[in-house]
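Structure assessment
One-letter residues, chain by chain:
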Amino acid sequence: MKEPIGIRDYTIHGTELAPFHIYHQNYIHGGLQVPFHWHKEIEIIWVEQGQLELTLGTQHKVLKERDFVMINSYELHQLQSIGNTASIHHALVFLPDMLSFSYPDQSQLSFLKPLLSHQLRLPSYVSGNHPCASSIRKTFWRFFMIMIPGPWDGLCF
């Protein structure tokens, strides 16, 4: 795949044995400014509270509470607060290669291989009201509970 024009993010997300990172962002007075960038990793963002403005390529979207955005590898994007509006969001950033199996089964051939070769792309936006959103939220939080010990039990999905 040809690398897009723009500023590449060379941040190392995780370690060689765990090539992912979970970000918990609480901007109580707004002020979030993540300038245009791209990276090899897939990024999944869930807005827990408030609103954020996302630019993905040339598309602008206001992300609302409970919305998800999935940023595919190599997609140019930026994220920012809307004025001084408070927001809480969580992001999972990971190398898509970590999804590969050593033994190719039907899932690997039908979904993961096309995703890794950029023939299949994740949907960019899932509204908090979408019928799948509750399932995605629960899976997202289960992952957080497994990977990071913390007081997650009281949180609403």
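Relevant structure appears above.
Conventions and cut-offs
Residues numbered from 1 in each chain as written. Predicted model: local features only at pLDDT ≥ 70, side-chain atom pairs only at ≥ 80, totals over all residues. Heavy atoms only, no water. Helix = DSSP H or I, 4+ residues; strand = E, 2+ residues; numbered from the N terminus. Buried < 20%, exposed > 50% of the residue type's maximum accessible area, 1.4 Å probe, protein only. Contact = heavy atoms within 4.5 Å. Areas by Shrake-Rupley, 256 points an atom, 1.4 Å probe, with all protein chains shown as cover. Pairing = 2+ DSSP bridges. Axes fitted to C-alpha atoms, helices over the stretch in contact; angles between N-to-C directions. Polar contact = N/O pair within 3.5 Å; in protein donor to acceptor, adjacent residues only side chain to side chain.

As a further point, take the overall build of the chain. Assigned secondary structure in the chain consists of 2 helices and 9 strands. For the chain, the sequential pattern of α-helices and β-strands runs β-β-β-β-β-β-β-β-α-β-α. Burial status across the chain gives 38% buried among its 157 residues. Long-range contacts, defined here as pairs at least 24 residues apart, represent 71% of the contacts in the chain between residues at least 6 apart. A total accessible area of about 9,400 Å² is found for the chain, and carbon and sulfur atoms account for 59% of it.

This part covers the pairing of strand β6 (residues 68-71). With burial as the criterion, each face of β6 is covered, one bearing Phe68 and Met70 and the other bearing Val69 and Ile71. Here β6 runs beside strand β9 (residues 125-126); their pairing, made up of 2 bridges, is antiparallel. Counterpart to Phe68 in the pairing with β9 is Val126.

Another aspect to go through is the sheet that holds strand β5 (residues 59-63). Taken in spatial order, the 4 strands make up an open sheet running β2-β7-β4-β5, and their pairing is antiparallel. Among the strands making up the open sheet, the edge pair consists of β2 (33-37) and β5. When strand polarity is set aside, the average angle formed by the axes of neighbouring strands in this sheet is 15°. Pairing between β2 and strand β7 (residues 77-81): 3 bridges, direction antiparallel. Paired with His37 across the strands is His77, a residue of β7.

With that out of the way, let us pick up the side chain of Glu75. Mapped onto the secondary structure, Glu75 falls in the loop between β6 and β7. Among the polar contacts listed, one links the side chain of Glu75 to the backbone nitrogen of Asn72, at a separation of 2.7 Å. Apart from residues no more than four positions distant in its own chain, Glu75 is found in contact with His37, Trp38, Leu56, Met70 and Arg121.

Let us look at helix α1 (residues 106-116). Working note: α-helix, 3.6 residues per turn, so residues spaced by three or four point in the same direction. Residues of α1 that are buried: Gln108, Leu112, Pro114 and Leu115. If you follow the buried residues of α1, they end up packed against β3 (42-50). One side-chain oxygen of the residue at the start of α1 lies 3.2 Å from the amide nitrogen of Ser107, identifying that residue as Asp105. Looking one or two residues beyond α1, the residue adopting positive phi is His118, at roughly 70°.

Purely spatial values, then, with no claim about function.
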